[in-house]
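Here is how the chains run, residue by residue.
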Amino acid sequence: MVDPRIPLISERLREIRRVIAVSSGKGGVGKSLVASVLALTLAKKGYKVGFFDTDFTSPSSHIILGVSNIQPEEMNGIVPPTVHGLKYMSIIYYAGDRASPLRGAEFSNALIELLAVTVWGELDFLIIDMPPGISDATLDVLRLIKKAEFLVVTTSSRLAFETVRKFIDLLLELNVPVLGVIENMKMTNSDFIRKETEEKGIKFWGEIPFDKNLEESIGDVERLLNIEFGKALERMIGEKIDLN
Amino acid sequence: MHEWALAEAVIKTASQIAEKEGLDNVSEVNIRLGELQQVDIEIFKFALSQLKAPKLEKAQFNIRRDEAKLRCRVCSYEWTFSSVELDEEAREAVHFVPEIAHAFMKCPQCGSPDFEVVSGRGVWIESVKGVKRHG
Ligand SMILES: Nc1ncnc2c1ncn2[C@@H]1O[C@H](COP(=O)(O)OP(=O)(O)OP(=O)(O)O)[C@@H](O)[C@H]1O
Ligand SMILES: [Mg+2]
Ligand SMILES: [Zn+2]
């Protein structure tokens, strides 16, 4: 018996040049904010960008983007609506603001379903906001999206990095491209994260300071791009990312 | 799952299977379709007839429906999807992402959302039959 959804996935992703999974292993380090602002910044530079929130049990990117009352269109599949220049896909179109408690296999099924039906069309970048953890979502993205590259977010904390380190080791072991590491919510001068990252032979993208203006900018895209958080990320993107 | 996307998936996969098994002409594609997918069979069949690929022109698509049964992981109660009353919004959501059932349904006995889908989930191509290529 063959699951026909799986062969369709590669077809759906065919016209996407780069897929960047913003991930960490660790929760609460700023993945969703980095993913959202990364996607917005790339779109602002003129790239065609898709944004996929795969945190099905606790999606948050729609809050960051200030999205409400939109639905995808049905056209030989599901065509994601365009939000602030991004083709935006999230489980919220279906679950609304209800909790969707999913176990591992159920998460996989939902991910397969959405990857198989979503018609992204031609994109320069597909940015994926990943849920925390090293298990289901990571393994599924590795299995289903062969061209995914990982951008890893951590805080300065040695506790956060303890998990992030294992996450990076797993990716390296599997020969998955790791684009770089971003140190978020930086408050001290410690170079612990930079050193650890470079020792692994991975690019240290830089630091994003703890930004006290961030909270009040959530939901306001223009503000997000203009506060320290957005500016710091924009500099990194300018230096570290292009279509190749 | 969306009918047209599903039809596209089935055609693509059946063509791949035919290729792998060296079939020139496919006469039959046997499909098992989970009820939880909430697929409109008429639209699905129409989509299949419109999308036919070269080797599948004469193929007959046999669709077997698989009843959706659920079992509570907390109290082991079992029930069928069809016995549950869902509003239009919920049905629509489950149609696109069947796992969303977990956001809309609870165990009728104990109220837990921690249930498993025992049967009736997913779409499977059970077999592809046809005439083998010569030589
Ligand atoms: N540079 C920063 N300065 C100040 N606050 C920040 C910064 N980065 C993130 N935050 C705050 O930290 C919290 C977590 O951010 P976010 O939701 O993006 O993390 P996450 O890694 O996606 O979390 P989860 O693992 O739950 O998905 C948010 O409240 C956010 O506003
Ligand atoms: Mg998040
Ligand atoms: Zn129960």
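Residues numbered from 1 in each chain as written. Chains lettered and ligands numbered in written order. Predicted model: local features only at pLDDT ≥ 70, side-chain atom pairs only at ≥ 80, totals over all residues. Heavy atoms only, no water.

As for the interface of chain B and chain A
The test is simple: Two residues qualify as a contact provided that any one of their heavy atoms is within 4.5 Å of a heavy atom in the partner residue. Here the buried area means the combined drop in accessible surface, using a 1.4 Å probe, for two parts upon being joined, counting both sides. Salt bridge, as applied in this entry: a Lys or Arg side-chain nitrogen positioned within 4 Å of an Asp or Glu carboxyl oxygen. Throughout this description, a polar contact denotes any pair of N or O atoms lying within 3.5 Å of each other; where both atoms belong to protein, one of them has to be capable of donating a hydrogen while the other can accept it, and for residues adjacent in sequence the pair is counted only when both atoms sit in side chains. Think of it this way: any DSSP run of H or I at least four residues long counts as a helix, any run of E at least two long counts as a strand, and we number them from the N terminus. Only Asp, Glu, Lys and Arg are considered charged in this grouping, and only Ala, Val, Leu, Ile, Met, Phe, Trp, Tyr, Cys and Pro are considered nonpolar; every other residue, Gly among them, is considered polar.
Facing the 34 residues of chain B at the interface are 29 residues of chain A. Contact between chain B and chain A buries roughly 2800 Å² in total, counting both sides, with carbon and sulfur atoms accounting for 64%. Scanning the region where chain B abuts chain A turns up six salt bridges. Lys12(B) is paired through a salt bridge with Glu11(A); the nearest N and O atoms lie 3.8 Å apart. On inspection of chain B and its partner chain A, the count reaches 11 residue pairs in polar contact (both at pLDDT 80 or more). When contributions to the side of chain B that touches chain A are tallied by element, the ones reaching two or more residues are α1 (3-20), α3 (88-96), α4 (101-104), β5 (115-119) and β6 (123-132) of chain B. Considering every element that reaches the side of chain B that touches chain A, the biggest residue donor is α1(B), with nine residues. Each residue belonging to the side of chain B that touches chain A can be placed in one class, and the counts come to 18 nonpolar, five polar and 11 charged.

What to know about the site of ligand 1
All names here are of chain A. What counts here: When at least one non-hydrogen atom of a residue lies within 4 Å of a molecule or strand, that residue is treated as near it. The Shrake-Rupley method, run with a 1.4 Å probe, gives the accessible areas here. Residue values count only the displayed protein chains as cover. The definitions used throughout rest on a 1 Å grid laid over the protein atoms alone, on which a cavity is an enclosed set of points accommodating a 1.4 Å probe that cannot get out and a pocket is an open set flanked by protein within 12 Å on both sides along at least five of seven lines; lining residues are those having an atom within 4 Å of a point. Think of it this way: if more than half of a molecule's atoms are within 2 Å of a pocket's grid points, that molecule is in the pocket or cavity.
Among the 19 residues in the neighbourhood of ligand 1, the closest are listed as Gly28, Lys31, Ser32, Asn184 and Asp211. A distance of 2.8 Å is found between an oxygen atom of ligand 1 and a backbone nitrogen or oxygen belonging to Gly28. Taking Asp211, its main chain carries an N or O atom lying 2.8 Å from a nitrogen atom of ligand 1. Isolated, ligand 1 exposes 640 Å² of accessible area, and the fraction of that covered by the protein chains is 79%. Judged by its atoms lying within 2 Å of the grid points, ligand 1 is housed in the second largest pocket. Mapped by element, the contributors of at least two residues to the shell around ligand 1 are α2 (31-44), β9 (178-186), β10 (204-209) and α9 (214-217). Along the lines of polarity and charge, the residues of the shell around ligand 1 split into 10 nonpolar, five polar and four charged.

Here's the deal with unusual backbone geometry
All names here are of chain A. We apply this condition: With a 1.4 Å probe rolled over the protein chains alone, any residue whose accessible area is under 20% of its type maximum counts as buried; one over 50% counts as exposed, and the rest are partly exposed.
Of note in this structure, His84 is not a glycine but carries a positive phi near 45 degrees. Tracing the backbone shows His84 in the loop between β5 (82-83) and β6 (86-89). The phi angle at Met185 is positive, at roughly 60 degrees, despite the residue not being glycine. Along the chain, Met185 falls in strand β9. Classification of Met185 as partly exposed rests on a relative accessible area of 30%.

Remarks on the confidence of the model for chain B
Put simply, the rule is: You can read pLDDT as the predictor saying how much it trusts each residue, on a scale of 0 to 100.
Predicted confidence across chain B gives a mean pLDDT of 92, with 99% of residues reaching 70 or more. Among the prediction metrics, the complex's ipTM stands at 0.89, with pTM recorded as 0.95.

Here we look at the packing of aromatic side chains
Put simply, the rule reads: Ring geometry is summarised as follows: Phe, Tyr and Trp rings, the Trp one being its six-membered ring, pair when their centres sit within 6.5 Å, and such pairs are stacked at plane angles under 30 degrees, edge-to-face over 60 and tilted between the two.
A complete count under the given rule lists 13 aromatic pairs over all chains for this structure. A ring pair is formed by Phe51(A) and Tyr88(A), whose centres lie 5.7 Å apart and whose planes are at 40 degrees; its orientation type is tilted. Of the two residues, Phe51(A) sits in strand β2 (residues 49-53) while Tyr88(A) sits in strand β6, which places them 37 residues apart along the sequence. Of the residues examined, Phe51(A) reaches a relative accessible area of 0% and is grouped as buried. Note on Trp4(B) and Phe46(B): the rings are 6.1 Å apart at their centroids and 80 degrees apart in plane angle, and the pair reads as edge-to-face. Here Trp4(B) is found in helix α1, whereas its partner Phe46(B) is found in helix α2 (residues 41-51), with 42 residues between them in sequence.

Regarding the coordination of the zinc ion (ligand 3)
Octahedral metals with six donors have ideal donor angles of 90 or 180 degrees. Tetrahedral metals with four donors have an ideal donor angle of 109.5 degrees. Residue and element names in this part refer to chain B. Defined as follows: Sodium, potassium and calcium take a 3.2 Å donor cutoff, other metals 2.8 Å, and in both cases only N, O and S atoms count; water is not among them, so sites may look incomplete. Four donors are marked tetrahedral only if all angles between them lie between 85 and 135 degrees, whereas four are marked square planar and six octahedral if opposite donors are more than 155 degrees apart and the other angles lie between 65 and 115; the remainder are marked irregular.
Coordination of the zinc ion (ligand 3) by the protein comes from Cys72 (SG), Cys75 (SG), Cys107 (SG) and Cys110 (SG), over a distance range of 2.3 to 2.4 Å. For the zinc ion (ligand 3), the four donor atoms in the first shell make angles of 105 to 116 degrees at the metal, so the coordination geometry reads as tetrahedral. Taken in sequence order, the residues that donate to the zinc ion (ligand 3) follow the motif C-x2-C-x31-C-x2-C. Of this pair, Cys75 sits in the loop between β3 (69-72) and β4 (78-80) while Cys107 is found in the loop between α4 and β5, placing the two residues 32 residues apart along the sequence. Judged by its relative accessible area of 26%, Cys75 falls in the partly exposed class.

A word on the domain arrangement of chain B
Residues and elements named next belong to chain B. Heads up, the condition is: For the purposes of this description, domain bounds are those given by an automatic or database domain assignment.
Split into domains, chain B comes out as domain 1 (1-67 + 120-135) and domain 2 (68-119). Domain 1 and domain 2 are separated by 27 Å when their C-alpha centres are compared. Taken residue by residue, the interface counts 12 residues in domain 1 and 13 residues in domain 2. Together, the buried faces of domain 1 and domain 2 total about 1200 Å²; carbon and sulfur atoms form 56% of this surface. Sorting the residues of domain 1 by area buried against domain 2 places Leu36, Gln38 and Glu67 first, and these three jointly supply 54% of that buried surface. Scanning the region where domain 1 abuts domain 2 turns up one salt bridge. Between Glu99 and Arg121 there is a salt bridge, with its nearest N and O atoms 2.6 Å apart. Our enumeration of links across domain 1 and domain 2 arrives at eight residue pairs in polar contact (both at pLDDT 80 or more). Residue composition of the side of domain 1 that touches domain 2, grouped by class: three nonpolar, four polar and five charged.

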